[in-house]
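Examination of the molecular architecture
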Amino acid sequence: MLDYLIIGSGLAGISFSEMALQKGKSILVLDNSSQNSSKIAAGLYNPVILKRFSEVGQAKEHLLVMKEYFAVLEKKLNTQVDFKMPILRKFFSIEEQNNWFAASDKVNLASYLSNQLISKKFESIDSPFGYGEVLQTGYVDTALLLEKYKNYLITNQLFLKESFDYGLLQEETDGIRYKDIQARHIIFAEGFGMHANPYFQHLPLDGTKGELLIIKAPLLDLDVILNTSLYILPLGNDLFKIGATYNWDDKTALPTEAGKNELVQRIKEIITCDFEIMEHHAGVRPTVKDRKPLIGTYEHHNSIHILNGLGTRGVMLGPAMSKALFENIEYQKPLDRFVDIKRFAKKS
């Protein structure tokens, strides 16, 4: 009997897979590649919500788990996927500068927000008010990570490429059975695909469509991640990832002309050089109305679990939420009430 059958191989699915493997558990991952939000994600990790100059909840703990997770994973895959890189927030006024420095004096933000004004000039970017630097930031190449990890799973016969049929899932006293697979537990890490899941479709997974561009801009001299009305992430070879849009109505993963036009308009407000669009991608982020993940166990069977709702912070949240769910299942360690799906239990 398997320990874990894991449905989904995005950031949530592979985070839990690796957590279980590191603890000596047996796994099988099943996916049909229908969800692509993890693959096209920016992969940024940032402990600060820059719109409000506030700390991401439990940022210190999540960063610690994330760093350890990716350090082990890079050795395992013999591939670098975690790239440390500063995020610079462009200031548009003296008032924004003042707000930044006031925030950097707060105890919980002092280790994340530099109190030095960055006045470096980047070619093709006008910034008369300079920048603020966010510390302990970077990005994970999510497409490379998912490709390498999936290859690892396939090589070790731990992966099945197929769609999951909920009608064939049987609940048993000591676990679950799916076709000819028996497992102690099943983990649903399906991203926006959760809406088809009869066990968890009542949960308020909203889904937010995001579009991004890969542009080529030889005259854009930028070696940091720039945060303005969008993010500009240097990829090397004069290529930059630009994003992202937010659309709460369109739930398709298809790029749109409107999304492209919005990004192009915003890029032109930031950079002064010419650029060429090389790629245009779209995906639906698994977001939740209260902006917290969906972690926990099906109320009618303790072998059926969910790991979802990582939203725009999948890289930073995935390892920590996987650890929390694993320890809840294996050691009965209580989940944080802010992420536990019990917060949405129906009131009788």
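What follows concerns the nonpolar core. The biggest cluster of nonpolar side chains holds 63 residues, and the ones touching the most others in it are Tyr 4, Phe 16, Phe 70 and Leu 145. Of the residues forming this core, the biggest block, eight residues, is contributed by helix H7 (residues 314-331). Excluding its chain neighbours within four sequence positions, the residues that come into contact with Tyr 4 are Phe 16, Ala 20, Lys 25, Ser 26, Ile 27, Leu 28, Ala 183, His 185, Ile 187, Phe 326, Ile 329 and Glu 330. Counting residues in hydrophobic clusters, the runner-up holds 27 residues, among them Leu 169, Ile 181, Tyr 199 and Phe 200.

What follows covers the pairing of strand E20 (residues 304-308). As a general feature of sheets, a regular strand has side chains that alternate between the two faces. Counting buried positions along E20 gives five out of five residues, so the element sits mostly inside the fold. Here E20 shows two buried faces, one formed by Ile 304, Ile 306 and Asn 308 and the other by His 305 and Leu 307. In the sheet, strand E13 (residues 181-188) pairs with E20 via three bridges, with the strands oriented parallel. For Phe 188, the partnering residue across the bridge sits in E20 and is Ile 306.

Attention now goes to the pattern of salt bridges. Opposite charge on two side chains allows them to pair when their charged atoms are near. In the structure shown here, the tally under the stated rule is 15 salt bridges. When the shortest N-O distance is used, the salt bridge between Glu 162 and Lys 179 registers 2.9 Å. Highlighted residues: Glu 162 in the loop between strand E10 (159-161) and strand E11 (169-172) and Lys 179 in the loop between strand E12 (175-178) and E13, separated in sequence by 17 residues. Judged by relative accessible area, which is 25%, Glu 162 ranks as partly exposed. Using a relative accessible area of 43% as the deciding quantity, one classes Lys 179 as partly exposed. One salt bridge in this structure joins Arg 266 and Glu 262, with 2.6 Å as the shortest N-O distance. One end of the pair, Arg 266, and the other, Glu 262, are both in helix H6 (residues 257-270), four residues apart, so they sit about a helical turn from each other.

Following Gly 243, the chain continues into Ala 244 via a peptide bond in cis, with omega recorded as -10°. Inspection of the secondary structure assignment puts Ala 244 in the loop between strand E17 (239-243) and H6. Phi is positive for Ser 124, close to 75°, though the residue is something other than glycine. Of note, Ser 124 is situated in the loop between helix H4 (94-104) and strand E8 (131-134). For Ser 124, a relative accessible area of 13% translates into the label buried. In the Ramachandran plot, Gln 332 falls in the positive-phi region, its phi being about 60° despite a non-glycine side chain. Relative to the elements of secondary structure, Gln 332 occurs in the segment after H7.

Conventions used here
- Residues numbered from 1 in each chain as written.
- Predicted model: local features only at pLDDT ≥ 70, side-chain atom pairs only at ≥ 80, totals over all residues.
- Heavy atoms only, no water.
- Core = buried A, V, L, I, M, F, W, Y, C linked by side-chain atoms within 4.5 Å.
- Buried < 20%, exposed > 50% of the residue type's maximum accessible area, 1.4 Å probe, protein only.
- Helix = DSSP H or I, 4+ residues; strand = E, 2+ residues; numbered from the N terminus.
- Contact = heavy atoms within 4.5 Å.
- Pairing = 2+ DSSP bridges.
- Salt bridge = Lys/Arg side-chain N within 4 Å of Asp/Glu carboxyl O.

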